[in-house]
Amino acid sequence: MPKAKFLSAELFNAVKRDVSKHIKKKLRGMEIDVTDMELHNSSQTKTLRVYVTLSRTTNLKALYLAESMICKELQDEFDMQPHAFYWRYLPEEKAAEEAAPLPTPDC
């Protein structure tokens, strides 16, 4: 089977959960704290993008290595090749601040 560069919406929806679990498991195995992960399959641009949100910072070399390994795993396991891999950093302190209600001023 040739490597899939673009997936139909039906196929993407069928494998999305398995691919997401696979990526999260691999990243956690590399001791990278993943708080959120999204896969986007664009029919308009015919691209597959991966968005990973981290709760703590990791050095850039480790992220590059993780990205390379995950792309290879996706190719081997699912015959998929992401076109872009995006890393987001949301520190735990900031997430907690955003979740806390704002204090009301006493007048």
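The coordinates are above.
Per chain, residue numbering runs from 1 following the sequence as it is written. Per-residue local features of the predicted model are confined to residues with pLDDT of at least 70, and side-chain atom pairs are confined, for both listing and counting, to 80 or more; whole-chain, interface and lining totals are unaffected and use all residues. Each side-chain value is worked out from all heavy atoms of the structure, with water and hydrogens disregarded.

**What about the packing of helix α1 (residues 9-29) against helix α2 (residues 60-78)?**
No. 1: Viewed as axis vectors pointing N to C, α1 and α2 meet at an angle of 140°, and their least axial separation amounts to 10 Å. Our classification of the angle between α1 and α2 gives oblique. In this structure, α1 crosses over α2, and the sense of that crossing is right-handed. Of the residues in α2, those touching α1 at Asp18, Val19, His22, Ile23, Lys26 and Leu27 are Ala66, Ile70, Glu73, Leu74, Glu77 and Phe78.
No. 2: In terms of residue class, the contact of α1 with α2 is built from 7 nonpolar, 1 polar and 4 charged. Between N-to-C directions, angles cover 0 to 180 degrees, with each direction set by a line fitted to C-alpha atoms, over the stretch in contact for helices. Each helix corresponds to a stretch of at least 4 residues labelled H or I by DSSP, and each strand to a stretch of at least 2 residues labelled E; elements are numbered beginning at the N terminus. We call two directions roughly parallel when the angle between them is under 35 degrees, roughly antiparallel when it is over 145, roughly perpendicular when it lies between 65 and 115, and oblique otherwise. Less than a right angle of anticlockwise turn of the near helix away from the far helix marks a crossing as left-handed, whereas a clockwise turn marks it as right-handed. Note on definitions: a residue-residue contact is assigned when non-hydrogen atoms from the two residues lie within 4.5 Å. For this classification, Asp, Glu, Lys and Arg are treated as charged, while Ala, Val, Leu, Ile, Met, Phe, Trp, Tyr, Cys and Pro are nonpolar and the rest, including Gly, are polar.

**Some points on α1**
Structurally, the α-helix is built with 3.6 residues per turn, so residues lying three or four positions apart point the same way.
No. 1: In a regular helix each residue adds 1.5 Å, so 21 residues correspond to 30 Å; α1 covers 29 Å between its end C-alpha atoms and thus fits that length.
No. 2: Each residue is assigned a bend, namely the angle between axes fitted to the seven residues that terminate at it and the seven residues that start at it. Along its length, α1 reaches its greatest deviation from straightness, about 45°, at valine 15.
No. 3: Between buried and exposed lies partly exposed: a residue is buried under 20% and exposed over 50% of the maximum accessible area for its type, with that area taken using a 1.4 Å probe on protein chains only. Among all positions of α1, only Phe12, Val15, Val19, Ser20, His22, Ile23 and Leu27 are buried.
No. 4: The elements touched by buried residues of α1 are β1 (34-42), β2 (47-54), α2 and β3 (84-89).
No. 5: Trailing α1 by a residue or two, glutamate 31 shows a phi angle of about 60°, which is positive. Expected span, for any helix, means 1.5 Å times one less than how many residues it has.

**Let's talk about the pattern of salt bridges**
No. 1: We define a salt bridge as a side-chain nitrogen of Lys or Arg found within 4 Å of a carboxyl oxygen belonging to Asp or Glu. Scanning all chains against the criterion turns up 3 salt bridges.
No. 2: Linking glutamate 38 and arginine 88 is a salt bridge whose minimum nitrogen-to-oxygen distance equals 3.3 Å. Placement of glutamate 38 in strand β1 and of arginine 88 in strand β3 is noted, with a sequence separation of 50 residues between them.
No. 3: We classify glutamate 38 as partly exposed; its relative accessible area is 25%.
No. 4: Aspartate 76 serves as the salt-bridge partner of lysine 72, at 3.0 Å between the closest nitrogen and oxygen. Note that lysine 72 and aspartate 76 are positioned in helix α2 at a spacing of 4 residues, about one turn of the helix.

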